[in-house]
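Residues per chain are reported as follows:
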Amino acid sequence: MDIRYSAVIFLEVAMLIVSGCSSSADDNNRQTLQPTKDLGRVAIKKYQGQRLTDFEKLRDNSIQGPQEVDTAEYRLIIDGLVTVRQELSYLQVLGMERYQKLITLHCVEGWSAKGLFEGVLVGDILKLAVVNPGANTLIFHAADGYTSSLPLRAVLDKKILLAHKINNQTLTARSGFPFQLIAEDKLGYKWVKWLRRIEVSSDSTYRGFWESRGYDNKADY
Ligand SMILES: Nc1nc2c(c(=O)[nH]1)N[C@H]1C(S)=C(S)[C@@H](COP(=O)(O)O)O[C@H]1N2
Ligand SMILES: [Mo]
């Protein structure tokens, strides 16, 4: 057999093993969760007496439809006004301290959805990259070409999450796998799905996909 061909097979098997491991690593990392209450593996429909929305049943209104992201190749890039540019794998992000928040998303179209989101703090990711003085804006880039931005200060103060789970289930292609920005208190178009790059910037006038088409850049709900 051609040596290059066997090398390719070897690589594919190795990647299968690595991606197969992501679910077990996922469970092993549960102890880093806050709050520590283990919710098991099933989807949950209620949390603290509140009914949660089934996001899979919501109509997807994204600009290009659901994106298929391969975790073996996925890297979350943190660049721009940083000292240490980061390229984090899916497992590296999941290995960070995790938190849960019960939050409602409000879309400008008039609908809303409540979810229990689990993920890591954008602020913790930025600590790895060491943000340069003068930065005031975060520009979020997604796999479908979509972008949106938020003030750096607000992201840190509100402890904004980058979620990998909704209602105790790993995100699906529909809901933004591998990560959705949980832009608490901001309208839905700031909740970037299929996130792959956080650009640290000093351009506070930056306008993302919907913002450059007339939607309010503050997007406060
Ligand atoms: N990458 C990407 N993220 C996106 C969008 C998009 O088109 N592409 N649409 C936004 C809009 S307008 C809304 S209302 C929310 C919907 O999020 P949901 O699918 O979790 O309900 O996703 C936001 N994030
Ligand atoms: Mo939206």
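Caption draft 1: Broad picture of the site of ligand 1. Not every one of the 19 residues close to ligand 1 is listed here, only the nearest: Ile63, Asp144, Arg174, Trp191 and Lys193. Here an oxygen atom of ligand 1 and a backbone polar atom of isoleucine 63 are 2.8 Å apart. Here an oxygen atom of ligand 1 and a side-chain polar atom of arginine 174 are 2.8 Å apart. For ligand 1, whose unbound accessible area comes to 530 Å², protein coverage reaches 98%. Grouping the constituent residues of the shell around ligand 1 by class yields 12 nonpolar, four polar and three charged.

Caption draft 2: Region of interest: the pattern of salt bridges. Summed over the entire model, instances satisfying the criterion amount to 13 salt bridges. Here glutamate 109 and arginine 59 are joined by a salt bridge, their closest N and O atoms 3.7 Å apart. Note that glutamate 109 is positioned in the loop between β6 (98-106) and β7 (112-121) and arginine 59 in the loop between β3 (50-51) and β4 (76-80), a separation of 50 residues in sequence. Judged by its relative accessible area of 58%, arginine 59 falls in the exposed class. Two residues, lysine 127 and aspartate 124, come together in a salt bridge whose shortest N-O distance is 3.3 Å. Placement of both lysine 127 and aspartate 124 in helix α3 (residues 122-129) is noted, with a separation of three residues, approximately one turn of the helix. The structure contains a network of salt bridges with shared partners spanning Asp79, Arg197 and Glu199.

Caption draft 3: View of the sheet that holds strand β13 (residues 195-201). An order of β5-β4-β13-β8-β9 is seen for the five strands of this open sheet, with the pairing classed as mixed. With one partner strand each, in any of the chains shown, β5 (86-88) and β9 (147-151) form the two edges of the open sheet. Within the sheet, the average angular offset between the axes of one strand and its neighbour, ignoring direction, is 15 degrees. Pairing of β4 with β13 involves four bridges; the strand directions are parallel. From the neighbouring strand, isoleucine 78 faces β13, where its bridge partner is isoleucine 198.

Caption draft 4: Local environment of the side chain of asparagine 217. Within the fold, asparagine 217 resides in the segment after β13. The class for asparagine 217 is buried, based on a relative accessible area of 18%. A polar side-chain atom of asparagine 217 sits 3.0 Å from the main-chain carbonyl oxygen of tyrosine 206. The residues touching asparagine 217, leaving out its near neighbours within four places in the chain, are Ser149, Lys190, Ser204, Thr205, Tyr206, Arg207 and Glu211.

Caption draft 5: Expanded view of the packing of aromatic side chains. Tallied over the full model, the rule gives nine aromatic pairs. The structure contains a cluster of three or more aromatic residues connected by ring pairs, namely Tyr146, Tyr189, Phe209, Trp210 and Tyr215. Directly above the aromatic system of phenylalanine 209 lies the positively charged group of arginine 213, at a separation of 3.7 Å from the ring centroid.

Caption draft 6: The environment of valine 192, seen in detail. Mapped onto the fold, valine 192 is located in the loop between β12 (180-182) and β13. Along the chain, valine 192 and serine 62 lie 130 residues apart, while their C-alpha atoms are 9.8 Å from each other.

Caption draft 7: Representation of the environment of alanine 43. Following the sequence through the fold, alanine 43 ends up in the loop between β1 (33-34) and β2 (46-47). Under the relative-accessibility criterion, alanine 43 is labelled partly exposed at 44%. Each C-alpha atom of the pair alanine 43 and asparagine 167 lies 5.8 Å from the other, and the pair is 124 residues apart in sequence. Not counting chain neighbours up to four residues away, the residues in contact with alanine 43 comprise Asn167 and Gln169.

Caption draft 8: Geometry of the nonpolar core. With 49 residues, the main nonpolar core has Leu76 and Ile78 as its most contacted residues. If sequence neighbours within four positions are ignored, isoleucine 78 has contacts with Arg85, Gln86, Leu88, Ile125, Leu126, Ala129, Ile198 and Val200. Formed by five residues, the second largest nonpolar core is a distinct cluster that contains Leu39, Tyr47, Leu52 and Leu116.

Basis of the calculations
Residues numbered from 1 in each chain as written. Chains lettered and ligands numbered in written order. Predicted model: local features only at pLDDT ≥ 70, side-chain atom pairs only at ≥ 80, totals over all residues. Heavy atoms only, no water. Near = heavy atom within 4 Å. Polar contact = N/O pair within 3.5 Å; in protein donor to acceptor, adjacent residues only side chain to side chain. Areas by Shrake-Rupley, 256 points an atom, 1.4 Å probe, with all protein chains shown as cover. Nonpolar A, V, L, I, M, F, W, Y, C, P; charged D, E, K, R; others polar. Salt bridge = Lys/Arg side-chain N within 4 Å of Asp/Glu carboxyl O. Helix = DSSP H or I, 4+ residues; strand = E, 2+ residues; numbered from the N terminus. Buried < 20%, exposed > 50% of the residue type's maximum accessible area, 1.4 Å probe, protein only. Pairing = 2+ DSSP bridges. Axes fitted to C-alpha atoms, helices over the stretch in contact; angles between N-to-C directions. Contact = heavy atoms within 4.5 Å. Phe/Tyr/Trp six-rings, centres within 6.5 Å; stacked < 30°, edge-to-face > 60°. Lys NZ or Arg CZ within 6 Å of the ring centre and 35° of its normal. Core = buried A, V, L, I, M, F, W, Y, C linked by side-chain atoms within 4.5 Å.

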